[in-house]
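# Residue-level structural notes
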Amino acid sequence: MATLTNHTGNLQTALVNVRQRIAEFERKYAREPGCVQLLAVSKTQGPERVHAVYELGQHRFAENYLQEALGKMDALADCAIEWHFIGPIQSNKTRDLAARFDWVHSVDRLKIAQRLNEQRPPARGPLNVLIQVNLSDEDSKSGVAVGEVASLAAGIAGMPQLQLRGLMAIPAAATDFAAQRLVFRRLAQARDQLVANGHSGCRELSIGMSSDFEAAIAEGATMVRIGTDIFGARVTMP
Ligand SMILES: *Cc1c(COP(=O)(O)O)cnc(C)c1O
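As a starting point, this report considers the structure included with it. (Residues numbered from 1 in each chain as written. Predicted model: local features only at pLDDT ≥ 70, side-chain atom pairs only at ≥ 80, totals over all residues. Heavy atoms only, no water.)

## Thoughts on the overall build of the protein
Quick note on the threshold: Secondary structure counts use DSSP, requiring at least four H or I residues in a row for a helix and at least two E residues in a row for a strand, with both numbered from the N terminus. Every radius of gyration here is taken over C-alpha atoms, with the globule rule written as 2.2 Å times N^0.38, N being the number of residues. We call a residue buried when its accessible area falls under 20% of the maximum for its residue type, exposed when it is over 50%, and partly exposed in between, using a 1.4 Å probe and counting protein chains only. Contact criterion: two residues are considered in contact whenever any of their non-hydrogen atoms come within 4.5 Å of each other. In this description, accessible areas are obtained by the Shrake-Rupley approach with a 1.4 Å probe, and a residue is regarded as covered only by the protein chains that are shown. Charge assignment: positive for Lys and Arg, negative for Asp and Glu; neither His nor the chain ends contribute. Lysine's charge is taken at NZ, arginine's at CZ, aspartate's at CG and glutamate's at CD.
Scanning the protein for helices and strands turns up 9 helices and 8 strands. Rg of the C-alpha trace for the protein: 17 Å, near the compact-globule value of 18 Å for 238 residues, within the 12% margin. The principal-axis extent of the C-alpha atoms belonging to the protein is close to 45 × 40 × 35 Å. Across the 238 residues of the protein, 50% fall into the buried class. Counting only contacts in the protein whose residues sit at least 6 apart along the sequence, the fraction spanning at least 24 positions is 61%. Here the protein has roughly 10900 Å² of accessible surface; of this, 49% comes from carbon and sulfur atoms. Seen as two clouds, the 26 positive and the 25 negative side-chain charges of the protein have centres 2 Å apart.

## Some thoughts on the environment of Pro160
Topologically, Pro160 is positioned in the loop between α6 (149-157) and β6 (162-169). For Pro160, a relative accessible area of 62% translates into the label exposed. Note: C-alpha distance between Pro160 and Asn117 (43 residues apart in sequence) is 7.1 Å. Not counting chain neighbours up to four residues away, the residues in contact with Pro160 comprise Asn117 and Pro126.

## With respect to the packing of aromatic side chains
Both the distance between ring centres and the angle between the ring planes are used here to describe each pair of aromatic rings. As a reminder of what qualifies: A pair of aromatic rings is counted whenever rings of Phe, Tyr or Trp (Trp by its six-membered ring) have centres within 6.5 Å, and the orientation is called stacked for planes under 30 degrees apart, edge-to-face for over 60 and tilted otherwise.
Enumeration over the complete set of coordinates arrives at 3 aromatic pairs. Pairing Phe61 with Trp83 gives two aromatic rings, centres 6.1 Å apart and planes at 40°, and the pair type is tilted. Separated by 22 residues along the polypeptide, Phe61 in strand β2 (residues 60-63) and Trp83 in strand β3 (residues 82-85) bring together distant segments of the chain. Overall, the relative accessible area of 0% leaves Phe61 in the buried class.

## Description of the layout of surface pockets
Rolled over the atoms, a probe as big as a water molecule pinpoints where empty space is left. Inclusion rule: Of the two site types, the cavity is a set of points on a 1 Å grid over the protein atoms alone where a 1.4 Å probe fits but cannot get out, and the pocket is an open set with protein on both sides within 12 Å along at least five of seven lines, each lined by residues with an atom within 4 Å of a point. Grid points are joined across faces, edges and corners, and a volume is the space filled by probe spheres set on the points. When residue character is reported, Ala, Val, Leu, Ile, Met, Phe, Trp, Tyr, Cys and Pro are called nonpolar, Asp, Glu, Lys and Arg charged, and the others, Gly included, polar.
Estimated volume of the largest pocket: approximately 190 Å³. What lines the largest pocket is a set of 13 residues, and nearest its centre among them are Val41, Lys43, Met209, Arg225 and Arg234. When grouped by side-chain class, the residues that make up the lining of the largest pocket number 5 nonpolar, 5 polar and 3 charged. Approximately 160 Å³ is the volume found for the second largest pocket. Contributing to the lining of the second largest pocket are Arg19, Ile22, Ala23, Glu26, Gly34, Val36, Gln37, Leu38, Gly57, Gln58, His59 and Arg60. With 4 residues, helix α1 (residues 8-28) is the largest single contributor of residues to the lining of the second largest pocket. Per-class residue counts for the lining of the second largest pocket are 4 nonpolar, 5 polar and 3 charged.

## Let's talk about the pairing of strand β5 (residues 127-133)
Heads up, the rule is: The definition of a right-handed crossover adopted here requires that, viewed with the strands pointing away, the path from the first strand over the helix to the second runs clockwise. Two strands qualify as a pair provided DSSP detects at least 2 bridges between them.
Burial of β5 is extensive: 7 of the 7 residues sit out of reach of the surface. Handedness of the crossover joining strand β4 (residues 103-107) and β5 through helix α5 (residues 110-119) is recorded here as right-handed. Here 7 bridges tie β5 to β6, and the two strands are oriented parallel to one another. Its bridge partner being in β6, Leu127 is matched across the sheet by Leu162.

As structure tokens, then:
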């Protein structure tokens, strides 16, 4: 794992390395080649660093903070970037989320879903959303309990400007690889249950960060969210 902020010259090495590891884990766990998408988590990184990674062929980026993301989107308006929102959602931020992002991973309340649905500009087509699930049962973490996924999914299914695409989770750091896998397996099972109950477009599993993406790929991740292993350690907060 990277321990220092990567300078531009190192970004290429880091990105190639992450891509190679994803491919290796797809093989190791008998996943279809290329089935795991890499999202580069660019929080705290300036637009020039995002642009450098974009020029290396990485076109999917994920952001946690709306204001910070909007600045980068404006600076990089000429780039064909697919933007993913992965941070906590306050209801007064939904208008910009609905207008500017391609995917929102952190929907965990019906009220937020309703606002995104109402505020999505029709010309952009339905917004891709994931339900964020709290696998660690900690009060402090965002996300619905596994037992509440079905009712939130049913609500979203009736919203024409939202397309429910799957589930996302940010589990508490686990002690070892086997423990990481067990937690991710619960999310995969919840996703399988949704598909079995008729949510046929609900196939994505957004799990896996720099420290646990092997376990996530072993358990069926389709989107891994990698910051540190691409950009290096984050040294500044916005
Ligand atoms: C920061 C962040 C990541 C990336 O974490 P790294 O450990 O830097 O790879 C992934 N997902 C979410 C929700 C994050 O906030």
